[in-house]
Structure formats: C-alpha cells, structure tokens
Amino acid sequence: MSEAISVHQLQAKQPSHVTVATASLIGTAIEWYDFFLYGTAAALIFNKLFFPTFDPMMGTLLAFATYALGFIARPLGGIVFGHYGDKIGRKTMLYLTLLIMGAATAAIGFLPTYESAGIWAAVLLVACRLIQGFGLGGEWGGAVLMAVEHAPADKKGFYGSWPQLGAPLGLVLGTLVFSVVSAMLTDAQLYAWGWRIPFLFSVALVLVGLWIRFTIAESPEFQKVKDTKQEVKMPILEAIRMYPKNILLAMGARFAENGFFYIYATFVLAYATQSLGMNKQDMLNGVLIGAAIETFTIPAFGALSDRLGRRPIYIFGAVFSALMSFPLFMLLATRNPQAAWIAIVLGLAVGHAAMYGPQASFLSELFGTKVRYSGVSLGYNLASIFAGALSPLIATGLMTAYAPATWPISLYMIALALITVVSVYFATETRKIVQG
C-alpha cells in the first residue's frame with residue numbers, strides 16, 4: 001500500500017513530457033556545442049597551431065586524429081555513467097556529464113600552442129579531448145532516456161527526437177560562434193587569440209544547462225525500478241548477457257548516421273577549403289544552413305516513426321545517404337557555394353535526419369528499463385569509434401592517396417550505409433512492442 005502511494009505521489013510530481021524533452025534538448029545542445037566546436041577548430045585552425053611542422057594536409061590529418069580520440073573515450077564514459085545511471089538514476093548523471101564536458105572545453109581555451117609549449121601543447125590538447133569524450137559518452141544515454149521514458153507510449157519517437165536536436169543545434173551554435181569570431185577578426189588575430197573565445201564561451205552555456213537540468217525530475221520508469229528494488233548489481237554485464245544481439249545491431253545502425261554526419265560537418269570543410277580552394281566562411285555557412293534546417297526535419301522524422309515504424313524511416317535515411325555519396329563531390333567540384341550548400345543540406349537535413357530522428361526511441365526500446373542506460377550507451381558509443389571517429393580520418397586518407405579522384409571516398413560512404421541497412425533490417429521493430 002505504501003509503495004503504491006509513493007509511486008502515485010511521484011507521478012503527481014512529474015513535470016510534463018514537453019518540459020523534460022525541452023530540458024534534455026537544451027542540455028544536449030550545450031554538450032554538442034562543446035564537442036563540435038573542436039571538430040570545426042580541427043578542420044580549420046588546429047593544424048597550424050598545434051602541428052605547424054607538418055605540411056597542411058598532414059597537419060589536418062593529425063588534427064583529425066586528436067578529434068578521433070574523443071570518440072575512443074566515449075565507450076568508457078558510457079560504461080561508467082551507464083552503470084551508475086541504471087543504479088542511482090538518470091538525472092544525477094546528467095549533472096556530472098555536463099560539468100565534465102564544460103570543464104574540458106574551457107580548458108582547451110587556455111591551452112598553450114606549439115609555438116610556446118612544443119609537443120606538450122598537443123599532449124594537453126589530446127588530454128582535454130579524451131575528457132570531452134568521456135563526458136559525452138555518458139551524456140547521450142541519460143538525455144534520451146529522460147525524454148523517451150517520460151513520453152506517452154504513442155509519441156516516444158517524436159519526444160525522443162528532441163534531445164537529438166541537440167546535435168544540429170550544438171553544431172549551429174558552435175559554427176555560428178566560430179563564424180562570428182572569424183568574420184570579426186583578421187586571420188592573424190584569429191590564430192593569435194581569437195580561436196580561444198568560442199571555447200571559453202562554453203562556461204556560460206554550462207551554467208545555463210545546469211540550472212535547466214535542476215528543474216526536471218527523475219524518469220518515472222526508472223523510479224518504478226527503484227521503488228520495487230529491481231536494480232541489478234552490474235548493469236553493463238547484465239545488458240551484455242541479456243541483449244548481445246541488440247548491442248551489435250545498435251552499433252551497426254549508427255555506422256551510416258554517425259559516419260556521414262562527421263563527413264559533412266568536418267571533413268567537407270577541410271576538403272573544400274584545402275583541396276578545392278573554396279572560401280572558409282562559405283563552407284561554414286553551408287554547414288550552418290544544413291544544421292539549421294535539420295532542427296526541423298529531425299522531429300518530423302521522429303514523429304513519422306511513431307506512425308510508420310522506426311525501421312522504414314531509418315532505412316530510408318541510410319539509402320538516401322548512400323545515393324548522395326557521388327552527387328556530394330560532384331556539387332562540391334563546381335566550387336560554387338550554393339551548389340555546396342545544396343549538397344550539405346540534403347546530406348544533413350534529409351539523409352542524416354531520417355536516421356537521427358527515430359534513433360533515440362529505436363535504440364532505447366531495444367533494452368529493458370533495468371539495464372537500458374548501460375545497453376544504449378554501450379551500443380551507441382562503441383559505434384562512434386568505428387564510424388564518427390574514423391570517417392574524417394579515412395576520408396582524408398583516401399583523399400590524400402587518390403587525389404584528385406573522390407570515388408574511393410564515395411565507395412567508403414556507401415559501405416557505411418550498407419552496414420546500417422543490414423543492421424536495421426535484422427533489428428526488431430520496437431514501435432510495435434511499445435504500443436502493443
């Protein structure tokens with residue numbers, strides 16, 4: 001009786017699913033701002049500041065290598081925060097991940113460059129990037145579970161897409177801040193001190209994010225697990241034991257989504273400016289436009305997955321992305337900014353959005369509540385090592401080896417899409433399970 005009363009009282013105190021989804025969205029936007037800001041700087045700035053003794057393309061390759069290290073740390077963050085998120089709660093972990101990400105990003109803004117610290121500048125940069133990845137590894141799982149577990153059963157795809165908006169919004173914010181700073185300063189000022197401003201701006205954003213997250217309550221589904229004392233001792237091991245196939249399928253589902261996103265958001269910047277000689281600001285504007293439009297198409301595809309199912313929408317996104325792999329470079333080859341914008345908009349706002357919109361609900365519904373944080377975080381973050389971390393590196397390597405030909409990069413992109421299509425095809429249609 002007392003247990004029933006406590007659950008009833010808890011439910012009465014729950015904020016609306018709109019409030020929770022909004023709080024998750026704002027928090028993830030700040031986290032992704034921190035993470036993507038590094039990608040923009042790696043493509044345009046860090047090769048000269050931290051690896052100046054190498055030729056420009058090799059410097060860019062090394063900058064992308066430090067970028068990739070952030071992804072390698074993400075599974076560790078997913079394991080640690082997933083474990084405690086399934087034992088203590090989702091909300092507490094979201095405070096910690098935001099603090100860790102913000103501190104690491106602000107620290108980058110204070111780093112010495114190669115000119116003053118030599119090789120130690122690159123070492124410190126790598127350390128900050130690893131800490132960023134560790135924090136982000138636990139962030140995504142907690143944010144999407146708060147949104148999905150608070151949402152009505154027939155709208156989990158739609159509300160689960162809200163924290164997904166944090167990625168394009170973070171990209172928009174990071175690119176916008178970087179663009180404004182770049183436009184207001186001369187190149188000499190930008191490389192001397194201006195590049196630090198966007199990183200230090202993270203401090204203000206983190207304070208806003210912490211205040212917003214303080215206003216939301218724990219997930220009602222997880223609270224029921226706590227009230228009935230059904231927590232498991234080792235969630236990550238239990239997730240692997242109970243859902244090994246689903247973890248692998250979740251990883252495979254992310255290959256195209258994650259790999260394509262970083263090709264469009266980071267590699268294309270380096271390729272267009274260094275190999276094609278296009279204007280840096282024009283390309284930043286293209287990414288800005290694509291990500292801005294994606295903030296509308298992600299929830300649209302999420303809502304569509306509530307009606308048609310997660311799998312068909314997801315597969316459409318992967319197939320569309322594969323079909324864009326050759327037109328992308330054809331449009332870029334024109335060296336026309338508007339043509340480049342069309343390529344980026346289609347890649348982000350259609351192909352990527354169709355996968356990213358239903359992804360939160362799709363992956364969350366593959367796991368039971370008791371181990372959901374661990375299972376989702378493990379599948380999601382392990383894929384990042386092989387997809388998002390490596391895609392700019394592999395694309396840059398292929399560009400260097402086969403220049404001026406771009407078809408090897410297109411074939412690599414098609415391979416990513418095939419892995420995703422096969423994985424999603426063999427996964428369960430989770431919408432039917434949730435809605436009965």
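These numbers come from a predicted model, not from an experiment.

Caption draft 1: Region of interest: the packing of helix 22 (residues 391-402) against helix 23 (residues 407-426). With their axes 8 Å apart at the nearest point, helix 22 and helix 23 run at an angle of 150° to one another. Of the possible angle classes, the one that applies to helix 22 and helix 23 is roughly antiparallel. Along this stretch, helix 22 crosses helix 23, giving a crossing that reads as right-handed. The segment helix 22 lies against helix 23, with Ser391, Ile394, Ala395, Leu398, Met399 and Tyr402 engaging Pro408, Ile409 and Tyr412.

Caption draft 2: Summary view of a nonpolar patch on the surface. Taken together, the side chains of Phe326, Met330, Tyr402, Trp407 and Leu411 define a hydrophobic patch exposed on the protein surface, amounting to about 540 Å² of accessible area. Of all the secondary-structure elements, those providing two or more residues to the nonpolar patch are helix 19 (325-333) and helix 23. If you trace the backbone, Leu411 turns up in helix 23.

Caption draft 3: How the structure looks around the environment of Phe71. Inspection of the secondary structure assignment puts Phe71 in helix 4 (residues 56-72). Look at Phe71 and you get buried, because its relative accessible area is 0%. The spacing of Phe71 and Ile385 is 314 residues in sequence and 5.3 Å in space, taken between C-alpha atoms. Aside from chain neighbours lying at most four places away, what touches Phe71 is Phe35, Arg129, Asn258, Tyr262, Ser384, Ile385, Gly388 and Ala389.

Caption draft 4: Representation of the nonpolar core. Counting 115 residues, the largest nonpolar core has Trp32, Ile45, Phe46, Ile108, Met283 and Leu332 as the members making the most contacts within it. For this core, the two domains that each supply at least three residues are domain 1 (14-222) and domain 2 (232-435). Excluding residues within four positions of it along the chain, Ile45 makes contact with Phe178, Leu190, Tyr191 and Trp195. The next biggest cluster of nonpolar side chains, apart from the first, holds seven residues, and it includes Ala23, Ala143, Met146 and Ile212.

Caption draft 5: Quick look at helix 13 (residues 202-213). Across its 12 residues, helix 13 extends 16 Å between first and last C-alpha, which sits within 8% of the 16 Å expected from 1.5 Å per residue. Those residues of helix 13 lying buried are Ser202, Leu205, Val206, Gly209, Ile212 and Arg213. Viewed along the axis of helix 13, the buried residues span an arc of 125°, placing them on a single side of the element. Looking at helix 13, the residues exposed on the side facing more than 90 degrees away from the buried face are Leu207 and Trp211.

Caption draft 6: Broad picture of the domain arrangement of the chain. What the domain assignment reports for the chain is domain 1 (14-222) and domain 2 (232-435). If you average the C-alpha positions of domain 1 and of domain 2, the two centres end up 18 Å apart. With 63 residues of domain 1 in contact, the opposing surface of domain 2 contributes 65 residues. Across the domain 1/domain 2 interface, buried area totals approximately 5,000 Å², and carbon plus sulfur atoms make up 70% of it. Inspection of the domain 1/domain 2 interface yields one salt bridge. With its nearest N and O atoms 3.0 Å apart, the salt bridge here joins Arg372 to Glu149. Classifying every residue of the side of domain 1 that touches domain 2 gives 34 nonpolar, 19 polar and 10 charged.

Caption draft 7: A look at the packing of aromatic side chains. This structure, assessed with the given rule, holds 16 aromatic pairs. The interplanar angle of 5° and the centroid separation of 3.7 Å between the aromatic rings of Trp140 and Tyr380 together place this pair among those described as stacked. On the criterion of sequence distance, the pair formed by Trp140 in helix 8 (residues 119-150) and Tyr380 in helix 21 (residues 372-386) is long-range, its members being 240 residues apart. The buried category is assigned to Tyr380, whose relative accessible area is 0%. With 5.7 Å between their ring centres and 55° between their planes, Tyr314 and Phe362 make a pair best called tilted. One end of the pair, Tyr314, is in helix 18 (residues 310-323); the other, Phe362, is in helix 20 (residues 337-364), and 48 residues separate them in sequence. One exposure class covers both Tyr314 and Phe362, and it is buried. The structure contains a cluster of three or more aromatic residues connected by ring pairs, namely Phe158, Tyr159 and Trp162. A cation sits over an aromatic face here: Arg254 above Tyr380, 3.5 Å from the ring centre. A cation over an aromatic ring shows up here: Arg311 above the ring of Tyr425, its NZ or CZ 5.9 Å from the ring centre.

Caption draft 8: Fine view of the pattern of salt bridges. A complete count under the given rule lists seven salt bridges for this structure. The residue Asp86 makes a salt bridge to Arg90 at a minimum N-O spacing of 2.9 Å. What you see here is one network of salt bridges that share partners, running through Asp86, Arg90, Glu149 and Arg372.

Caption draft 9: Quick look at the side chain of Ser161. Residue position: Ser161 is located in helix 9 (residues 156-164). When near neighbours in sequence (up to four residues on either side) are disregarded, Ser161 contacts Ile298, Pro299, Gly302 and Gly357.

Conventions adopted
- Counting of residues starts from 1 at the beginning of each chain's written sequence and follows it residue by residue.
- Given that the model is predicted, a residue must reach a pLDDT of at least 70 before its local features are reported, and side-chain atom pairs must reach 80 or more before they are shown or counted; all residues, however, enter totals for whole chains, interfaces and linings.
- Hydrogen atoms and water are omitted, and side-chain values are computed over all heavy atoms in the structure.
- Simply put, an axis is a line fit to the C-alpha atoms, just over the touching stretch for a helix, and the angle between two N-to-C directions goes from 0 to 180 degrees.
- Secondary structure is summarised from DSSP: a helix means a run of H or I of at least four residues, a strand means a run of E of at least two, and numbering begins at the N terminus for each.
- Note on angle classes: values under 35 degrees are labelled roughly parallel, values over 145 roughly antiparallel, values of 65 to 115 roughly perpendicular, and the remainder oblique.
- Helix crossings are classified by the rotation of the near helix relative to the far one: an anticlockwise turn of less than a right angle makes the crossing left-handed, while a clockwise turn makes it right-handed.
- Working rule for contacts: check all heavy atoms of both residues, and any pair within 4.5 Å makes them a contact.
- Patches in this entry comprise residues that are over 30% relatively accessible and not in a salt bridge; like charges within 9 Å are linked, as are nonpolar side chains (Val, Leu, Ile, Met, Phe, Trp, Tyr) within 5 Å.
- Calculation of accessible area relied on Shrake-Rupley with a 1.4 Å probe; when residues are assessed, cover is drawn exclusively from the protein chains displayed.
- Salt bridges are counted wherever a side-chain nitrogen of Lys or Arg sits within 4 Å of a carboxyl oxygen of Asp or Glu.
- Buried residues are those whose accessible area, probed at 1.4 Å on protein chains only, stays under 20% of the maximum for their type, while exposed residues exceed 50% and partly exposed ones sit between those limits.
- Definition used in this section: a nonpolar core is a set of buried Ala, Val, Leu, Ile, Met, Phe, Trp, Tyr and Cys residues joined via side-chain atoms within 4.5 Å.
- Residue ranges labeled as domains rest on an automatic or database domain assignment.
- Helix span, as expected, comes to 1.5 Å for every residue beyond the first.
- Arc, as used here, means the arc of the directions from the helix axis to the C-beta atoms.
- Once two parts are put together, the accessible area they lose, assessed with a 1.4 Å probe and summed over both, is termed the buried area.
- Put simply, Ala, Val, Leu, Ile, Met, Phe, Trp, Tyr, Cys and Pro go in the nonpolar bin, Asp, Glu, Lys and Arg in the charged bin, and everything else, Gly too, in the polar bin.
- Planes of paired rings set the category: under 30 degrees apart is stacked, over 60 is edge-to-face and the rest tilted, where pairs are Phe, Tyr or Trp rings (Trp by its six-membered ring) whose centres lie within 6.5 Å.
- Placement of a charge over a ring requires the Lys NZ or Arg CZ to be within 6 Å of the ring centre, with the centre-to-atom vector within 35 degrees of the ring normal.

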